[in-house]
Amino acid sequence: MNPPMGRALIEHRVVVVGGYGFFGRRLVERLASQPDIHVTVVGRSLAEAQALVGRLRPHAKARLDAAAIDAMSTGLPRELERLSPTTVVLASGPFQGQDYRVARACISVGATYIDLADARAFVVGIEELDSDAKAAGVFVSSGASSVPALSSAAADHLARGMSTVRSIDIGISPGNRTERGLSTVKAILSYCGKAIPTHGSARTIGWSGSRRHRYPEPVGRRWLSPCDVPDLALLPPRYAGAPNVQFGAGLELSFLHRGMNVRAWASRRGLVRDWSAHARWLKGAADIFKGWGSDAGAMHVSVSGLRDDKVEASRAWSLVATHGDGPYVPTLAAAALVRKLCEGDVLPAGAMPCVGSLSLEDFEKEAQGLSIRMVEVVA
């Protein structure tokens, strides 16, 4: 059970579900550097969990162990009660189509719940657990990932001193040589050619159409196409002016990016119903070209509007990740939240998307030691 909120913990017990997976193992690596913390790597395979623990333990400041648990089983609440976690982080995606059984299990045992979801319906819908989380006195946060946690923190930072926010533009483009997980590919393909609900009357189709964005070197110009993220629903009502929000994702290699545009065209014409069903072989085909391109990826957030003195303002923030460290970016929010809890910070009871819980400075702190830099431009 959680201690009274605000009291520093002697040892914070964190269970990472999917802890040896693509993003899970990177999160565990970050958590392993935090002292006064006990991290349990959880998944269906005890052998894989133990292998990760064995690799990290010699240099870890945290205590590490492993456990075999099926998060989709009905016995999950009992298993969590046995592990007695302070916090549970769900790092096992894709989150499109998942339910809230892990979050509900956490509420039932009084454990803080955090996930790395970036699926709009999943993140926005977490609020259905709000009354239960408040009654149990626990913090439940969905979307502790690049979007909406980091993107909204950057937007909040850029919007300071603006009386009206008119537009927010967000984009992410990983390096082609950067490792990519199957669940990420499935998530990306799930809205290829599908209508994306947006604020206003404009009709947007996932991966249909492209635009160019220039990132700081060594990334440079990249193609971006529309993708569905929680920010499209969460950010317009957050700022005065109900800004237009657009999000684009891109692939470094132009021919792979254009291939996504072609798949969107085929889906719109009914030739393929759901591209995510073909994720495994499409990932295999893309991996043939894994040695091409670079290991440098980037993310940007741009905000425009009126300053408090009614003067037009345009501000931009960019993140550049090199040396293959891009996949660590979606883990920074969860690591930052765990750090806050360990340091005794008060996080509100209730279930909510991970918007407003972290500052851009929190992310900069968690990115220390990684080949990740952040740049801000004000016009």
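Residues numbered from 1 in each chain as written. Predicted model: local features only at pLDDT ≥ 70, side-chain atom pairs only at ≥ 80, totals over all residues. Heavy atoms only, no water.

Here's the deal with the confidence of the model for the protein
Taken over all residues, the pLDDT of the protein has a mean of 94, while the share at 70 or more is 96%. Predicted confidence for residues 1-9 stays below pLDDT 50, and this span has 24 contacts to residues more than four positions away or in other chains. (pLDDT = per-residue confidence, 0-100. Contact = heavy atoms within 4.5 Å.)

What about the pairing of strand β6 (residues 139-142)?
In β6, alternate side chains face the same way, and those of F139 and S141 on one face and V140 and S142 on the other are all buried. Pairing analysis gives two bridges linking strand β5 (residues 112-115) to β6, with the strands arranged parallel. The residue bridging I114 from the neighbouring strand is S141, located in β6. Summarising the sheet, β6 and strand β15 (residues 350-353) pair through four bridges and their orientation is parallel. Considered in β15, the bridge of S141 is made with M352. (Buried < 20%, exposed > 50% of the residue type's maximum accessible area, 1.4 Å probe, protein only. Helix = DSSP H or I, 4+ residues; strand = E, 2+ residues; numbered from the N terminus. Pairing = 2+ DSSP bridges.)

Considerations on the packing of helix α3 (residues 76-83) against helix α4 (residues 101-109)
Describing two packed helices takes the angle between their axes plus the distance from one axis to the other. Running from N to C, α3 and α4 point in directions that differ by 50°, and their axes come no closer than 9 Å. Compared by their axis directions, α3 and α4 come out oblique. By crossing handedness, the relation of α3 to α4 is classed as right-handed. For the pair α3 and α4, contact is made by L76, P77, L80 and E81 and by R101, V102, A105, C106, S108 and V109, respectively. When the residues that make up the contact of α3 with α4 are grouped by side-chain class, the tally is seven nonpolar, one polar and two charged. (Axes fitted to C-alpha atoms, helices over the stretch in contact; angles between N-to-C directions. Parallel < 35°, antiparallel > 145°, perpendicular 65-115°, else oblique. Left-handed = near helix turned anticlockwise from the far one by under 90°. Nonpolar A, V, L, I, M, F, W, Y, C, P; charged D, E, K, R; others polar.)

A word on helix α7 (residues 146-158)
In terms of residue burial, α7 counts as a mostly covered element, since twelve of its 13 residues are buried. Of the positions making up α7, those classed as buried are S146, V147, P148, A149, L150, S151, S152, A153, A154, A155, H157 and L158.

Regarding the sheet that holds β5
Hydrogen bonds between backbone groups are what pair the strands of a sheet, and the pairing can be parallel or antiparallel. One open sheet accounts for seven strands, arranged β3-β2-β1-β4-β5-β6-β15; its pairing is parallel. Only two strands of the sheet have a single partner each, and these edge strands are β3 (63-68) and β15. The mean inter-strand angle of the sheet, taken between neighbouring strand axes irrespective of direction, is 20°. Each of β4 (87-90), β5 and β6 is contacted by α4, which is oriented at about 160° to β5, the strand it contacts most.

Some details on unusual backbone geometry
Cis geometry marks the peptide bond from G93 to P94; its omega dihedral reads 0°. Inspection of the secondary structure assignment puts P94 in the loop between β4 and α4. With an omega of 15°, the peptide bond running from E217 to P218 counts as cis. Looking at the element boundaries, P218 is found in the loop between β10 (211-215) and β11 (220-226). Its identity as a non-glycine residue notwithstanding, W207 has a phi of 65°, on the positive side. Position of W207 relative to the elements: it lies in the loop between β9 (204-205) and β10. W207 gets classed as buried once you look at its relative accessible area, which sits at 1%. For A242, which is not glycine, the phi dihedral falls at a positive 40°. Secondary-structure assignment places A242 in the loop between α9 (231-234) and β12 (244-249).

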